[in-house]
Amino acid sequence: TVRGESAVLVDPDEVALRLTLTDVQQTVDEAYETVAKRAAKLSSVLSELGVDEPARSTSAVLVREEREYDERGRAVHRGFSATSSTHVRLTDVSIVGTLIKQAVAGTSAQVEGPWWQATPENPARLEACRRAASIARAKAEAYAEALGVRLGALTEVSEPDLRSIPQIATVRHASFAPLMDDS
């Protein structure tokens, strides 16, 4: 087994963010209503920036009791927290800075991300495949020559989960079966 690896720098096609709104109030209703109002404002911000409904989804809504512990280790009721998280995927990566600024300034959102991605259709991914395959073949040929054997047929090609490598296109692991030279 030989590995061919290649990385191609590419401008991202997409960016993902998670915007989370949290508030603590004395009652469940107050906490929920406060976060619901901020979530409506966040929805307006997204609409004003042209983020279509299918590009956003509420990924979590949570309401729970908040407690603190006093010096004796006893739980003391602090109120109730409400949390709403919205996952946003943008294909217009140029607006991400404006979105973050407006979400934070207008709704006090907490921001996770951005996570930049090149889509599977991006031509840079195929270029990375070609480069990795070429490197793997060259390495396999070098091994075969050094060992005095002929290079056999390709037995396997695999690549990592492309979502785990957002800014580069990568392909790894091409296997060639060496054939023993009869001479």
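A short tour of the structure in this document, coming up.

Scoring rules and cut-offs
- Residues numbered from 1 in each chain as written.
- Predicted model: local features only at pLDDT ≥ 70, side-chain atom pairs only at ≥ 80, totals over all residues.
- Heavy atoms only, no water.
- Helix = DSSP H or I, 4+ residues; strand = E, 2+ residues; numbered from the N terminus.
- Buried < 20%, exposed > 50% of the residue type's maximum accessible area, 1.4 Å probe, protein only.
- Contact = heavy atoms within 4.5 Å.
- Areas by Shrake-Rupley, 256 points an atom, 1.4 Å probe, with all protein chains shown as cover.
- Pairing = 2+ DSSP bridges.
- Axes fitted to C-alpha atoms, helices over the stretch in contact; angles between N-to-C directions.
- Salt bridge = Lys/Arg side-chain N within 4 Å of Asp/Glu carboxyl O.
- Expected span 1.5 Å × (residues − 1).
- Arc of directions from axis to C-beta.
- Parallel < 35°, antiparallel > 145°, perpendicular 65-115°, else oblique.
- Left-handed = near helix turned anticlockwise from the far one by under 90°.
- Nonpolar A, V, L, I, M, F, W, Y, C, P; charged D, E, K, R; others polar.

## Examining the overall build of the chain
Regarding its fold elements, the chain presents 3 helices and 7 strands. Put simply, the chain has 183 residues, and 32% of those count as buried. When contacts within the chain are restricted to residue pairs at least 6 apart in sequence, long-range pairs at least 24 apart make up 73% of them. Surface summary for the chain: the accessible area is close to 11300 Å², and the carbon and sulfur share equals 51%.

## Describing the sheet that holds strand β4 (residues 75-90)
With antiparallel pairing, 4 strands are arranged side by side in an open sheet as β3-β4-β2-β5. Two strands in the sheet have a free side with no partner beyond their single neighbour: β3 (56-69) and β5 (110-117). Here the average twist between neighbouring strands, direction ignored, is 15°. Examined bridge by bridge, β3 and β4 share 13 bridges and lie antiparallel to one another. Within β4, the position partnered with glutamate 65 by the bridge is phenylalanine 80. Sheet contacts for helix α1 (residues 28-48): β2 (14-25), β3 and β4; angle to β2, the most-contacted strand, approximately 150°. Helix α2 (residues 96-107) rests against β2, β4 and β5 of the sheet, and its axis sits at about 5° to β2.

## Notes on the pattern of salt bridges
Under the criterion given, the structure shown has 11 salt bridges. Note that arginine 18 and glutamate 112 form a salt bridge whose closest N and O atoms lie 3.1 Å from each other. With arginine 18 in strand β2 and glutamate 112 in strand β5, the pair connects residues that are 94 residues apart, well separated along the chain. Residue class for glutamate 112 comes out partly exposed when judged on its relative accessible area of 35%. The salt bridge partner of glutamate 127 is arginine 130, with a shortest N-O separation of 3.5 Å. Residue glutamate 127 and its partner arginine 130 are both found in helix α3 (residues 123-147); the two are separated by 3 residues, about one turn of the helix.

## A word on the environment of leucine 42
For leucine 42, the location among the structural elements is in helix α1. On a C-alpha basis, the gap between leucine 42 and leucine 21 in space is 9.2 Å, while along the polypeptide they are 21 residues apart.

## Description of α2
Spanning 12 residues, α2 covers 16 Å between terminal C-alpha atoms, matching the ideal 16 Å at 1.5 Å per step. Here α2 has its buried residues at Val96, Leu99, Ala103 and Thr107. Projected down its long axis, α2 shows its buried positions confined to an angular sector of 60°, all on one face. The exposed residues of α2 that point more than 90 degrees off its buried face are Lys101 and Ala105. In the core, the buried residues of α2 are packed alongside β2, α1, β4 and β5. A positive backbone phi angle near 55° is found at serine 108, which sits one or two residues after α2.

## Observations concerning the packing of α1 against α2
Relative to each other, α1 and α2 sit at 155°, their axes nearing to 10 Å. Taken together, the axes of α1 and α2 are roughly antiparallel relative to one another. Viewed along their axes, α1 and α2 form a crossing whose handedness is right-handed. Mapping the contact onto sequence places Arg38, Lys41, Leu42, Val45 and Leu46 in α1 and Leu99, Gln102, Ala103, Gly106 and Thr107 in α2. Here the contact of α1 with α2 is composed, by residue class, of 5 nonpolar, 3 polar and 2 charged.

## Digging into the environment of valine 88
Relative to the elements of secondary structure, valine 88 occurs in strand β4. Valine 88 sits in the buried class, given a relative accessible area of 0%. Once the C-alpha coordinates of valine 88 and valine 51 are considered, the two residues, 37 residues apart in sequence, prove to be 8.3 Å apart. Look past the residues within four positions of valine 88 in its chain and what remains in contact with it is Val15, Ala16, Leu17, Leu19, Leu46, Val51, Ala55, Arg56 and Leu99.

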